[in-house]
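Chain residues, written in single-letter form:
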Amino acid sequence: MSINDNNKISFKDAIESGKFAVTCEIGPPKGAEEEEIKQAAEYLRDVADGINVTDLQSSVMRLGSLTTCHLLKDWGLDPIFQMTCRDRNRLALQSDLLSAYVMGIKNVLALTGDYTTTGDHPNAEPVFDLDSVQLLWTIKRLEEGFDLADKELTARPSFFKGAVVNPGADTEEAYELQIIKMKKKIANGAQFFQTQAIFDAEVFKRFMDRLSAEKIKVPVLAGIILLKSEKMANYMNKFVPGVFVPETIVSRMQAVTDKVQMCIEIASELINEVKPYCAGVHIQALGWEKHIAAVIKNSGVK
Amino acid sequence: MILTEFKPAEEIIEKIKDDRKIFILGCGGCPEGANTGGKKVLNEMKEKLEAEGKNITGVTEIDFLCQKSLIRARLRRKLVEIENSDSLLIFSCGLGVQATSAVISKVCHPALNTKTFGGITGMWQGTERCDTCGDCILDLTGGICPYTACPKKLLNGACAGQSNGKCETDPQRDCGWELIYKSLKRIGQIDRLYTFIVPRDYKKILPPAELRRSSLWALDEKEVV
């Protein structure tokens, strides 16, 4: 079944129009089914301008990003194809990019990918034939009509190209390296950025001030994770690379029994605080997609 | 013996195009045996670079450039010349460039590509620090190899997985890119991090034909003892 919602503008148009954009995320299931995705997609239909589909998130084997993007496209939504460098060499990456374009997928998010040992197949070979900057460069090359072997393509793809950056790097070196790599990503074609999840608006503001000082004008969508419990916060602080939940937020969550209400409160507060500084937000609901509409409504951004 | 080969002359000229004063340093170990080192090779490079208008501040050969203490001791008498140089051009395997970079506060340009450790390493007992990739870029990364210092082998900077300077793969392991950043900062060369490095050429890591023909390769052939 194909539902085409022609009234909806694309993610690219939403960003380019300058309106406050909302992207959400779907993590495909670990199984040969589409029901779970279909349900999440319905929750997101009216709130998201674009929907990221994670690519074997956290190095856990599951249904693929490309196929899931294709389903979303069929259902009238605008998918953002997340592509990591962990599992495919340059032949497979280029081929999947051509496949994505042919299936009508127009947004790509280029990522390095978590290391193999962080997931459920720790014995797998880590590929990393390209890095995220080289992947963006590869996409640019395909758009110019050539592959990485300089062979001419019979037809060129064209993508809205995104990348990620971590505004909360915790050492001076890591912070500077994030800025440098962001500039390299822009130089190689990145047209928008989604950030690693933030829980501290001050950290995000400092980062955006730095970008202004550096005259970096590429649209940035602030990463927001829906926090479900204090347990989840502690887990992320301990095990999720690059994500940090401040103690004040952990204790607020700890103090209440209605976790859903507190989750909506924390997320909408954050969105309100970061709104003046960015082009939009990227909300990762991690299974709580049905609460995103309440978060958006509560924050008053739409 | 570690097998190295000369980088193409144009690549070396390009690497040092902004440098006027160059100190040439060679390893007297493996490169001598591979004919990619020795006084003759170093002096030929001196003449070649002088013809290009470069000022050669010194030419020195040290027995084993993979030994930091040896480099430190032998270069003590050359510190003025090195201090007076824009960069060093090094004839050694990747280990030698890394060891020299660790003790000298100047950009160290590799003049050679390391092809294989070929069975016997010089004085260094490990092979983990040089990936024998055949396409050395240690001058761009502060003398720290991103192939061996970063588990993801990233060439264009850090991922976002580090925490307090440690790698996402192992909290005991330093983030290789933070080490690279620190090393380049120490020698005032942060701008090198902006160089876009193209994907690695995996053809270059195949064992060279001359090695495959040698006894170092022929484990399975019976030899008369």
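Residues numbered from 1 in each chain as written. Chains lettered and ligands numbered in written order. Predicted model: local features only at pLDDT ≥ 70, side-chain atom pairs only at ≥ 80, totals over all residues.

Focus: the overall build of chain A
Helix and strand counts for chain A come out as eleven helices and eight strands. Radius of gyration (C-alpha) of chain A: 19 Å, near the 19 Å computed for a compact globule of 302 residues. Dimensions of chain A, computed from the C-alpha atoms along their principal axes, are close to 60 × 50 × 45 Å. The proportion of buried residues among the 302 residues of chain A is 47%. A fraction of 78% describes how many contacts in chain A between residues 6 or more apart in sequence connect residues 24 or more apart. (Helix = DSSP H or I, 4+ residues; strand = E, 2+ residues; numbered from the N terminus. Rg over C-alpha atoms; globule rule 2.2 N^0.38 Å. Buried ≥ 20, exposed ≤ 12 C-beta atoms within 10 Å, placed from the backbone. Contact = placed C-beta atoms within 7 Å.)

Looking at the overall build of chain B
Across its full length, chain B carries nine helices and eight strands. Here chain B has a C-alpha radius of gyration of 18 Å; the compact-globule value for 225 residues is 17 Å, and the two agree. Expressed as lengths along the three principal axes of its C-alpha atoms, the size of chain B is roughly 55 × 45 × 35 Å. Within chain B, the proportion of its 225 residues that are buried is 47%.

Points about the sheet that holds strand β3 (residues 79-84) of chain A
Residue and element names in this part refer to chain A. Pairing is parallel around the closed barrel formed by eight strands, whose spatial order is β1-β2-β3-β4-β5-β6-β7-β8. Adjacent strand axes in the sheet meet at a mean angle of 25°, parallel and antiparallel pairs treated alike. As judged from the four bridges shared by strand β4 (residues 107-111) and strand β5 (residues 160-165), these two strands associate in the parallel manner. Bridging from a neighbouring strand, Asn107 pairs with Phe160 of β5. (Pairing = 2+ DSSP bridges. Axes fitted to C-alpha atoms, helices over the stretch in contact; angles between N-to-C directions.)

So, the environment of Cys130(B)
All names here are of chain B. Mapping Cys130 onto the fold places it in the loop between β6 (112-116) and α7 (146-149). Here the alpha-carbon distance between Cys130 and Gly142, two residues twelve residues apart in the chain, equals 14 Å. For Cys130, the residues in contact, after removing those within four places along its chain, are Cys93, Gly94, Leu95, Thr114, Cys145 and Thr148.

Remarks on the domain arrangement of chain B
Residues and elements named next belong to chain B. Each assigned domain of chain B is listed with its residue range as follows: domain 1 (3-139) and domain 2 (144-190). Here the C-alpha centre of domain 2 lies 23 Å away from the C-alpha centre of domain 1. Taken together, the twelve residues of domain 1 in the interface contact eight residues of domain 2. Here the side of domain 1 that touches domain 2 gets three residues from one element, more than from any other, and that element is helix α6 (residues 94-103). Residues that form the side of domain 1 that touches domain 2 fall into these classes: four nonpolar, four polar and four charged. (Domains from an automatic or database assignment. Nonpolar A, V, L, I, M, F, W, Y, C, P; charged D, E, K, R; others polar.)

Brief notes about the interface of chain A and chain B
On the side of chain B, 25 residues touch chain A, which itself brings 32 residues to the contact. Among the elements of the structure, α5 (132-143) and α6 (172-187) of chain A are those that each provide at least two residues to the side of chain A that touches chain B. It is α6(A) that contributes the most residues to the side of chain A that touches chain B, ten residues altogether. When the residues that make up the side of chain A that touches chain B are grouped by side-chain class, the tally is twelve nonpolar, ten polar and ten charged.

Points about the sheet that holds strand β5 (residues 107-110) of chain B
Residue and element names in this part refer to chain B. Ordered by their spatial adjacency, four strands build an open sheet running β3-β2-β4-β5, and the pairing between neighbours is parallel. Among the strands making up the open sheet, the edge pair consists of β3 (55-62) and β5. Strand-to-strand twist in this sheet, taken as the mean axis angle between neighbours without regard to direction, amounts to 25°. Sheet topology places strand β2 (residues 21-27) next to strand β4 (residues 87-91); five bridges connect them, and they run parallel. Each bridged residue has a counterpart across the sheet, and for Phe23 the counterpart in β4 is Leu88. Against the sheet, helix α3 (residues 39-51) contacts β2, β3 and β4, and its axis sits at roughly 170° relative to β3.

A few points about the pairing of strand β8 (residues 280-284) of chain A
All names here are of chain A. Counting buried positions along β8 yields five of five residues, so the element is predominantly enclosed. In the sheet, strand β1 (residues 21-26) pairs with β8 via four bridges, with the strands oriented parallel. From the neighbouring strand, Val22 faces β8, where its bridge partner is Val281. In the sheet, strand β7 (residues 220-225) pairs with β8 via five bridges, with the strands oriented parallel. If you follow Leu221 over to β8, its bridge partner there is Gly280.

So, the packing of α5(A) against α6(A)
Residue and element names in this part refer to chain A. Running from N to C, α5 and α6 point in directions that differ by 10°, and their axes come no closer than 9 Å. When the axes of α5 and α6 are compared, the pair comes out roughly parallel. Residues Ser132, Val133 and Leu136 of α5 touch α6, and the partners they reach there are Lys181, Lys184 and Lys185. Residues of the contact of α5 with α6, tallied by class, amount to two nonpolar, one polar and three charged. (Parallel < 35°, antiparallel > 145°, perpendicular 65-115°, else oblique.)

So, unusual backbone geometry
The residue Asn35(B) is not glycine, and still its phi comes out positive at about 60°. Even without glycine at this site, Thr132(B) takes up a positive phi of about 45°.

Focus on the environment of Pro31(B)
All names here are of chain B. Note that Pro31 resides in helix α2 (residues 30-33). Placed 119 residues apart in sequence, Pro31 and Cys150 show a C-alpha to C-alpha distance of 27 Å. Beyond its immediate chain neighbours, meaning those up to four positions away, Pro31 contacts Thr4, Gly26, Thr36, Gly37, Phe91, Ser92 and Leu112.

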